[in-house]
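A look at the structure
The residues making up each chain are set out below.
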Amino acid sequence: MFPDLPTRIKRCARDTGFDLCGIAPVRDFGELRVFPPWIAHGKHGEMKYMQARDETGELKRASLARVAPWARSVVVCAINYNTAHPYSTQAQTQETSRGWISRYAWSREDYHDAVMRRLQKIEDELRRLLDATGNRPLATGNCLQLRSYVDTGPLIERVYAKYAGIGWIGKNTCIINQQLGSWLFLGVILTSLELTAGLPAPDRCGTCTRCITACPTRAIVAPGKLDARLCISYLTIEKRGEIPNELRSGMGRHVFGCDICQDVCPWNRKAPATSAAEFEPREVLVNPALDWLAEMRQEEFRVVFRGSPVQRAKLSGLRRNAVIAMGNSGDKKFVPTLKKLCEDSDPVVAEHARWALARLSQES
Ligand code: SF4
Ligand code: SF4
């Protein structure tokens, strides 16, 4: 037996470069019960992957016990991706001709790969440990099962992160750790091992409502409740085609994602910088020039954003977002570029350029 297996897993997580590691049991936690009505009300927008169902028609993400009946515990790991660069709420006010890419997307390596590589080292170590001592019976059915996920698993990671003691779920819906703040990538390993779980972290939001007040599109409709269809992250990354007119001005100069509800969080005021070299930013992605993005062509997009989460928005989406940001910039120097873009071969870019031009001309 390995009574100290959780300790060994946590030590291994630390050795592979994770800042935090905890263990959650597999349960139908209360936080998961709000997920089906959220989907039923269409608050996930066009994110169809969220409504994936099992063969009985139940939403996969609502119950891990149904989609992975062999799983007994979830190892949740977190790594800090913060860097010493200013927050969008500071940087954006200075240079009107520049946009904002969410800080999680600045890094040289896609975080999915960086986190998965570390999870697999933990998996290897677990197998080695259990093999070395013939302790496979520790796992249910005498068969050790391990499955690692970074964002793509049939579970809502932050709920398990909470019950693993990584942090609490803030009113902005992010996992917040008392020491590290909320700039955290999460990775999980589902396991058939019955491991001693941690305790959930206490909620430390208190009476604060800064994130709710600061959200420019009022996407946090109640504490901890997000209407993704209003969220700039969703609009700039997941939404294809036209952005609803009434939401465009609230998007400001965000061209990929939005950090505002984390920037304003007091728990991020002294968030330390990461020690993981992979998350050092590519300077060109910090506060990028809007006209550069709006006029980008496929070949350059492919080269600049190779291995970057920004690829998810696709070139058309990124250019559309940059054009909206130019309209919101108040910077008249964009008028000639926008006039040219009104004739762009991409009809989505052209339509948004007409909107941006009209918005700029309304400004005195
Ligand atoms: S990411 Fe931006 S738009 Fe979305 S909830 Fe946070 S502040 Fe609002
Ligand atoms: S800004 Fe305030 S309410 Fe929002 S997540 Fe941070 S502590 Fe909680």
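The paragraphs below set out a description of the structure included in this document. (Residues numbered from 1 in each chain as written. Chains lettered and ligands numbered in written order. Predicted model: local features only at pLDDT ≥ 70, side-chain atom pairs only at ≥ 80, totals over all residues.)

**Things to note about the overall build of the chain**
Counting secondary structure elements, the chain contains 16 helices and 10 strands. The C-alpha atoms of the chain give a radius of gyration of 22 Å, which matches the 21 Å a tight globule of 364 residues would have. The principal-axis extents of the C-alpha atoms in the chain amount to approximately 75 × 40 × 40 Å. Going through the 364 residues of the chain one by one, you find that 46% of them count as buried. Summarising the internal contacts of the chain: among those between residues at least 6 apart in sequence, 79% fall at separations of at least 24. (Helix = DSSP H or I, 4+ residues; strand = E, 2+ residues; numbered from the N terminus. Rg over C-alpha atoms; globule rule 2.2 N^0.38 Å. Buried ≥ 20, exposed ≤ 12 C-beta atoms within 10 Å, placed from the backbone. Contact = placed C-beta atoms within 7 Å.)

**Considering the nonpolar core**
In terms of nonpolar packing, the biggest core is built from 101 residues, with Val74, Val75, Val76, Cys77, Ala78 and Tyr160 touching the most fellow members. In terms of residues, this core owes the most to one element, helix 14 (residues 314-329), which gives 7 residues. Residues contacting Tyr160, with those up to four places away along its chain left out, are Ala24, Val74, Val76, Leu155 and Val188. (Core = buried A, V, L, I, M, F, W, Y, C linked by C-beta atoms within 7 Å.)

**Some remarks on the site of ligand 1**
In the vicinity of ligand 1, the residues found are Asn172, Cys215, Thr217, Ala219, Ile220, Leu226, Cys231, Ile232, Ser233, Cys258, Ile260 and Cys261. Breaking the shell around ligand 1 down by element, the ones donating at least two residues are helix 9 (232-238) and helix 11 (260-263). Across the shell around ligand 1, the residue classes tally to 9 nonpolar, 3 polar and no charged. (Near = placed C-beta within 6 Å. Nonpolar A, V, L, I, M, F, W, Y, C, P; charged D, E, K, R; others polar.)

**Describing helix 16 (residues 347-362)**
Its 16 residues give helix 16 an end-to-end C-alpha distance of 23 Å, which sits within 8% of 22 Å, the value for a rise of 1.5 Å per residue. Residues of helix 16 that are buried: Val349, His352, Ala353, Ala356 and Leu357. Buried residues of helix 16 fall within an arc of 150° about the axis and therefore sit on the same side. What points out from helix 16, more than 90 degrees from its buried face, is the exposed set Pro347, Ala358, Ser361 and Gln362. Contacts made by the buried residues of helix 16 are with helix 14 and helix 15 (335-341). (Expected span 1.5 Å × (residues − 1). Arc of directions from axis to C-beta.)

**Brief notes about unusual backbone geometry**
We note that Asp151 has phi near 75°; this positive angle belongs to a residue other than glycine. One can find Asp151 in the loop between strand 4 (146-149) and helix 7 (157-163). C-beta crowding within 10 Å serves as the criterion here: with 15 such atoms nearby, Asp151 is assigned to the partly exposed category.

**What about the site of ligand 2?**
With respect to spatial proximity, the complete set of residues near ligand 2 consists of Gly170, Lys171, Asn172, Cys205, Cys208, Thr209, Arg210, Cys211, Val264, Cys265, Pro266 and Trp267. Split by residue class, the shell around ligand 2 holds 7 nonpolar, 3 polar and 2 charged.

**Regarding the environment of His85**
You can see His85 is positioned in the loop between strand 2 (73-80) and helix 5 (88-91). Note: C-alpha distance between His85 and Ala273 (188 residues apart in sequence) is 9.0 Å. Filtering out sequence-adjacent residues up to four positions away, His85 remains in contact with Pro281 and Val286.

**Overview of the pairing of strand 7 (residues 184-191)**
Across the 8 residues that make up strand 7, a large majority, 8, are buried. Alternating positions in strand 7 separate into two faces, Leu184, Leu186, Val188 and Leu190 on one and Phe185, Gly187, Ile189 and Thr191 on the other, with burial throughout. The pairing of strand 2 with strand 7 spans 8 bridges and is classified as antiparallel. In the sheet register, Ser73 faces strand 7, and the bridge partner there is Thr191. Across 4 bridges, strand 4 lies against strand 7 in antiparallel orientation. The partner of Ser148 across the bridge, within strand 7, is Ile189. (Pairing = 2+ DSSP bridges.)

**So, the packing of helix 1 (residues 5-15) against helix 6 (residues 111-132)**
Across the interface, helix 1 lies against helix 6 with an axial gap of 10 Å and an inter-helix angle of 145°. Handedness of the crossing formed by helix 1 with helix 6: right-handed. Residues Arg8, Ile9, Cys12 and Ala13 of helix 1 pack against Ile122, Glu125, Leu126 and Leu129 of helix 6. In terms of residue class, the contact of helix 1 with helix 6 is made up of 6 nonpolar, no polar and 2 charged. (Axes fitted to C-alpha atoms, helices over the stretch in contact; angles between N-to-C directions. Left-handed = near helix turned anticlockwise from the far one by under 90°.)

Shape descriptors only; they carry no functional weight alone.
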